[in-house]
Amino acid sequence: MKALRTLRRVLYSPAPTHVFHAFLSAQPQHHHEDPTASADSDSVFDSSRFAHGEDARPGPGPSWDEKYRARADRVVFGEEGPKGKLRLKEEEDERRRRVLAKALLEAAMDGGEEEEEGKGAGVVKEEDQKSLSVGIIGAPNAGKSALTNYMVGTKVAAVSRKTNTTTHEVVGVLTKGDTQICIFDTPGLMLNCGGFPYRDVKARVESAWSSINLYEVLIVILMFIDILPGQRPDSRVIKLIKRMGARSVPNQRRILCMNKIDLVEKKKDLLKIAEEFKDLPGYERHFMISGLKGAGIKDLTQYLMEQAGIFLLLLSTRFQRPWEEDPFTMSEEVMKMIALEVVRERLLDYVHQEIPYDVEHRLIDWKELRDGSLRIEQHFITNKLSQHKILVGKNGSKIGRIGIEANEELRLFGI
């Protein structure tokens, strides 16, 4: 009976029927605003009573780490991704092109004076031309090739830390004004403890010793580190210097150059050595130079220019002394010699011990192609299979590296 009365009260109650739908139906509830509803009714929520807007708390921030998000952006859109690397490479290439263009522009603007000087040298009459042959001798690894390259202004001789880098006579030409100087870089000479020349490489040593008397000016070069005070000097170098000074040749000037002064830490040692060698017989002048850095080279070049004029006055009554090389064009023989020296320098950099000295280096082919490029073929010849394997390297990596670097350097010479 109580249940029936409860059901009847619910069915016939004047209250809205949405409660019945809420319990007995799955239909969504649709709330209709009643304009007659009171503002104080508990069934209506009034949000105006609560603070909101600026006083409300901010929502939760991003859950990722900012540095990782920045890195992800760089990988996807920036420099670490493939597109970014390509963009950086293009920017670097553009920067290099601008630097090269600027250098060429400056050279073109500053080349007016040099061009006029070159034109003046080109119209020098044959009877006014002066030439001088200069030979550079010294112990192995004394810096003869570096001095030759610096005086000429370009690489004509291989330079390496290994001794006996130069195995044959190399010629470099310096032309300035009406004077041309032919500089001959010779293989290293050394005397044994008995004061006699070494016979380690007979043909090379005999050629170097026999050519000493052919030069008009002979530069005897030695390293400062061999004669530094407080150290035991190399007796073989001292004997070589004294022998060159004792054997005089008519009409030949001999000068002593102390090289590699840039390696001397105490500059006071330079004065002590200069005082010790100033009275050495057989030498007219002494120079302190650095063939690598260029210190003292200007004074040495000026002295050689003066000697060319003196020899012209002494010998002008007998014969003229015209230039032997064209100062404006590089002959094919000179280019071939430079190509051999550049490849040999790379060979000494990558192949060690006795192998580079046992390898026979030959120029096989020199051919200009239709597209204007040059095909240079050089061969390394060795009689030992073990040396062949070392020279080639794994999968040809070593000899390939030698060829690639030599090719890049030869392009700088326009070859």
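Scoring rules and cut-offs
- Residues numbered from 1 in each chain as written.
- Predicted model: local features only at pLDDT ≥ 70, side-chain atom pairs only at ≥ 80, totals over all residues.
- Heavy atoms only, no water.
- Helix = DSSP H or I, 4+ residues; strand = E, 2+ residues; numbered from the N terminus.
- Contact = heavy atoms within 4.5 Å.
- Buried < 20%, exposed > 50% of the residue type's maximum accessible area, 1.4 Å probe, protein only.
- Polar contact = N/O pair within 3.5 Å; in protein donor to acceptor, adjacent residues only side chain to side chain.
- Expected span 1.5 Å × (residues − 1).
- Arc of directions from axis to C-beta.
- Phe/Tyr/Trp six-rings, centres within 6.5 Å; stacked < 30°, edge-to-face > 60°.
- Axes fitted to C-alpha atoms, helices over the stretch in contact; angles between N-to-C directions.
- Parallel < 35°, antiparallel > 145°, perpendicular 65-115°, else oblique.
- Left-handed = near helix turned anticlockwise from the far one by under 90°.
- Nonpolar A, V, L, I, M, F, W, Y, C, P; charged D, E, K, R; others polar.
- Pairing = 2+ DSSP bridges.
- pLDDT = per-residue confidence, 0-100.

Draft legend 1. Fine view of the overall build of the protein chain. Summing up its helical and strand segments, the protein chain has 13 helices and eight strands in all. Within the protein chain, residue pairs in contact and separated by at least 24 positions form 67% of the contacts whose partners lie at least 6 positions apart.

Draft legend 2. Here's a closer look at the environment of Glu216. Turning to its location among the elements, Glu216 is positioned in the loop between helix H6 (202-210) and strand S4 (217-223). Of the residues examined, Glu216 reaches a relative accessible area of 14% and is grouped as buried. For the pair formed by Glu216 and Gln307, sequence separation is 91 residues and the distance between their alpha carbons is 9.1 Å. Within the structure, Glu216 has its side chain in polar contact with the backbone nitrogen of Ser133 (distance 3.1 Å).

Draft legend 3. Looking closely at helix H13 (residues 397-412). Along its 16 residues, H13 runs 23 Å from first to last C-alpha, staying within 8% of the 22 Å computed at 1.5 Å per residue. Of the positions making up H13, those classed as buried are Ile402, Ala406, Glu409 and Leu410. The buried residues of H13 all sit within an arc of 100° when viewed along its axis, so they share a single face. Within H13, the exposed residues directed more than 90 degrees away from the buried face are Glu408 and Arg411. Those residues of H13 that are buried lie in contact with helix H10 (332-350) and strand S8 (374-381). Backbone geometry just after H13 places Gly414 at a positive phi near 80°.

Draft legend 4. Focus on the pairing of S4. Taken across its seven residues, S4 has seven buried, putting it largely inside the fold. On S4, burial covers both faces: Val217, Ile219, Ile221 and Met223 on one face and Leu218, Val220 and Leu222 on the other are all buried.

Draft legend 5. How the structure looks around the packing of aromatic side chains. One pass over the full model with this rule turns up two aromatic pairs. Both rings, one in Phe287 and one in Tyr303, keep their centres 5.7 Å apart while their planes meet at 55°; by these two values the pair is tilted. Of this pair, Phe287 sits in strand S6 (residues 285-288) while Tyr303 sits in helix H9 (residues 297-315), and the two are 16 residues apart along the sequence. Pair check on accessibility: Phe287 and Tyr303 agree, each one buried.

Draft legend 6. Summary view of the packing of H10 against H13. Relative to each other, H10 and H13 sit at 140°, their axes nearing to 9 Å. The angle between H10 and H13 places the two elements in the oblique class. Seen along the crossing, H10 lies across H13 with a hand that is right-handed. Between H10 and H13, the residues in contact are Ile338, Ala339, Val342, Val343, Arg346, Leu347 and Tyr350 and Lys398, Arg401, Ile402, Glu405, Ala406, Glu409 and Leu410, respectively. Residues of the contact of H10 with H13, tallied by class, amount to nine nonpolar, no polar and five charged.

Draft legend 7. View of the sheet that holds strand S2 (residues 170-176). In spatial order, the strands read S2-S3-S1-S4-S5-S6; together these six strands make up an open sheet with mixed pairing. Each having just a single partner strand, S2 and S6 make up the two edges of the open sheet. Between one strand axis and the next, the sheet turns through 25° on average, direction left out of account. Bridging between strand S5 (residues 253-259) and S6 involves four bridges; their strand directions are parallel. Of the residues in S6, the one forming a bridge with Cys257 is Phe287.

Draft legend 8. Structural view of the confidence of the model for the protein chain. The share of residues in the protein chain with pLDDT of 70 or more is 68%, and the mean pLDDT across the chain is 76. Within the protein chain, S8 carries the highest mean pLDDT (92), whereas helix H2 (residues 18-24) carries the lowest (45). With pLDDT under 50 throughout, residues 17-27 is counted as low confidence; its partners more than four residues away or in other chains account for two contacts. Residue range residues 35-41 is modelled with pLDDT below 50. Its contacts to residues more than four positions away, or to other chains, number two contacts.

Draft legend 9. Seen up close, the side chain of Arg253. Within the secondary structure layout, Arg253 lies in strand S5. Engagement of the side chain of Arg253 in a polar contact is seen with the side chain of Glu284, the distance being 3.4 Å. A distance of 3.3 Å separates a polar atom in the side chain of Arg253 from a polar atom in the side chain of Gln307.

Draft legend 10. Highlighting the packing of helix H12 (residues 385-392) against H13. The interhelical angle for the contact between H12 and H13, taken along N-to-C directions, is 55°, at an axis separation of 5 Å. As summarised for this structure, H12 and H13 are arranged oblique, according to the angle between their axes. Mapping the contact onto sequence places Ile390, Leu391 and Val392 in H12 and Ser397, Lys398 and Ile399 in H13.

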